[in-house]
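Residue strings, one per chain:
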Amino acid sequence: MSELFGTVSWDDFRLIKAIADSRGLAGAAARLGLNHSTVFRRLGQVEQALGTVLFERHRTGYALTPVGEEMVELAARLDGDITGFTRKVAGRTISPAGELRVTTNDSLLIHLLTPLFARFQRECPDVRLDVVLSNEPLNLSKRDADVAIRATDSPPETLVGRRVARIAWALYGRAADFPRPERPALRDLADRSWVSLGDNLAALKAVRFVRQHIAPERIVYRINTVLGLAEAVESGIGIGHLPCFIGDVRPTLVRLAPPDPDFAADLWLLTHPDLRQSARVRVFLDTLAGEIGKSRPLFEGDQPGSGGGHR
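What you see is a predicted model; the values in this text were computed from it and never measured.

A. Up close: the environment of Val-8. Within the fold, Val-8 resides in the loop between helix H1 (2-7) and helix H2 (10-22). The class of Val-8 is buried, set by a relative accessible area of 2%. Between the C-alpha atoms of Val-8 and Gln-45, which are 37 residues apart in sequence, the distance is 9.4 Å.

B. Spotlight on empty space enclosed by the protein. Per the stated rule, a full pass over the model turns up one cavity of 30 Å³ or more. Of the pockets and cavities examined, the largest cavity occupies roughly 50 Å³. Lining the largest cavity, in full, are Trp-169, Val-195, Ser-196, Leu-197, Ala-206, Val-207, Val-210, Leu-229 and His-241.

C. A look at the environment of Pro-251. With respect to the secondary-structure elements, Pro-251 resides in the loop between helix H10 (244-247) and strand E11 (253-255). Taking the C-alpha atoms as reference points, Pro-251 and Glu-234, separated by 17 residues in sequence, lie 9.4 Å from one another.

D. Representation of the layout of surface pockets. In this structure, the second largest pocket occupies an estimated 220 Å³ of space. Along the walls of the second largest pocket sit Trp-10, Phe-13, Arg-14, Lys-17, Ala-18, Asp-21, Arg-31, Leu-32, Ala-75 and Asp-79, which together make up its complete lining. Within the residue set of the lining of the second largest pocket, elements represented by two or more residues are H2, helix H3 (25-32) and helix H5 (66-91). With six residues, the single largest contributor to the lining of the second largest pocket is H2.

E. A look at helix H11 (residues 279-294). Look at H11: 23 Å from first C-alpha to last across 16 residues, which is about the 22 Å you get at 1.5 Å a residue. Those residues of H11 not exposed but buried are Ala-279, Arg-280, Val-281, Phe-284, Leu-285, Thr-287, Leu-288, Ala-289, Glu-291 and Ile-292.

F. Highlighting the packing of aromatic side chains. For the structure shown, the criterion picks out six aromatic pairs. For the pair Phe-120 and Phe-284, a centre-to-centre distance of 5.0 Å together with 90 degrees between the ring planes defines the contact as edge-to-face. Within this pair, whereas Phe-120 is found in helix H6 (residues 106-123), its partner Phe-284 is found in helix H11, the two being separated by 164 residues in sequence. An identical accessibility class is assigned to Phe-120 and Phe-284; each is buried. In textbook terms, an aromatic cluster arises when at least three aromatic residues are bridged by ring pairs, as seen for Phe-117, Phe-120 and Phe-284.

Analysis parameters
- Residues numbered from 1 in each chain as written.
- Predicted model: local features only at pLDDT ≥ 70, side-chain atom pairs only at ≥ 80, totals over all residues.
- Heavy atoms only, no water.
- Helix = DSSP H or I, 4+ residues; strand = E, 2+ residues; numbered from the N terminus.
- Buried < 20%, exposed > 50% of the residue type's maximum accessible area, 1.4 Å probe, protein only.
- 1 Å grid on protein atoms, 1.4 Å probe; cavity = no way out; pocket = protein on both sides within 12 Å on 5 of 7 lines; lining within 4 Å.
- Points joined across faces, edges and corners; volume = space filled by probe spheres on them.
- Expected span 1.5 Å × (residues − 1).
- Phe/Tyr/Trp six-rings, centres within 6.5 Å; stacked < 30°, edge-to-face > 60°.

Now the structure itself:
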C-alpha cells in the first residue's frame with residue numbers, strides 16, 4: 001500500500017472513481033470541475049504510473065478492468081473514511097460557529113423558514129448558513145447537508161431528529177370563483193379544472209387522490225413545486241390541494257373542503273448522529289423547534305390564518 005500511495009495520490013483515486021461513476025471522461029470532467037483534455041491526460045499518467053490499464057474503452061463508455069475495480073473500491077472506502085472523520089470533527093465543535101448546511105424545499109423556505117433563519121443568525125452571528133433547496137433526499141452521511149428539514153412520515157433510520165409539527169392539506173380554490181358560503185360536494189367539483197403536482201411528488205397522498213378520483217382530462221396543469229401549485233390555484237387555473245400553512249395565508253384562496261387527515265405529513269428536523277452534539281447543530285435545532293412550535297395550529301389546519309380560510 002505504501003508503494004501504491006508513493007505512485008498515485010488521493011486526487012488520482014478521485015479521478016478514477018469519477019470516470020467509473022460517469023462511465024466516461026466528459027461526465028468525470030464535469031464532476032471534478034476540469035476540462036476533458038485534462039482528465040484524459042491525467043488518466044494516461046495514472047495508468048502509466050501503475051503500469052496497467054484501468055479502463056476498457058468502448059463505444060458505450062469506459063468499463064473498469066479488474067485492477068480498475070480494485071482501485072475504485074479502495075477509493076470508495078477512503079472517501080467514506082474521510083467524510084466520516086470530518087463529520088465527527090464537526091460534531092465535536094464546542095461553540096456555535098462555522099458553516100451549517102441546511103436542506104429543505106422552497107415552500108417551507110418561503111412560508112416559514114427564512115424569518116427563522118434570520119432570527120437564528122442574529123442570535124448566532126458566527127454561524128454561516130448554506131441553504132440547499134431540494135425535494136430530493138440528500139446524503140447526510142456524506143455531509144451533503146448537516147440538517148434536513150423535511151415533511152415525511154418515514155424519516156431515514158440512519159438519521160436522528162425531532163418531529164415538530166404535522167402538516168395538514170386541504171382543497172383550495174380561488175375565492176372569486178366560489179362566492180357562496182357553503183362548501184361544494186366533491187362530486188360537484190369533479191368537472192372543474194384541477195391542478196396537481198408532477199411526477200417527482202407523485203408519492204404524496206393528495207397527489208395520488210387526484211390521480212385516482214379526477215379524470216385525466218380535468219387535470220389541466222401539473223407542476224413540480226408546491227409554491228408553483230399555489231400560484232396556479234390563485235391565478236384561477238384550477239382547484240387543487242395545498243398545505244394549509246400556504247393556502248390559509250393567501251387572502252384570495254378559500255378552502256373547499258376541511259383538511260383531510262389522510263393527506264397530512266410530519267415535519268421533521270433531521271441530522272446525522274455524529275453531528276447532534278455539535279454546538280451549531282444543537283442550537284439551530286433547538287431554535288427552530290421552539291419557533292415552529294408556536295405556529296403548529298397553522299400547520300395543522302386549526303386556524304384560518306389571515307387568508308380566505310374556513311368557509
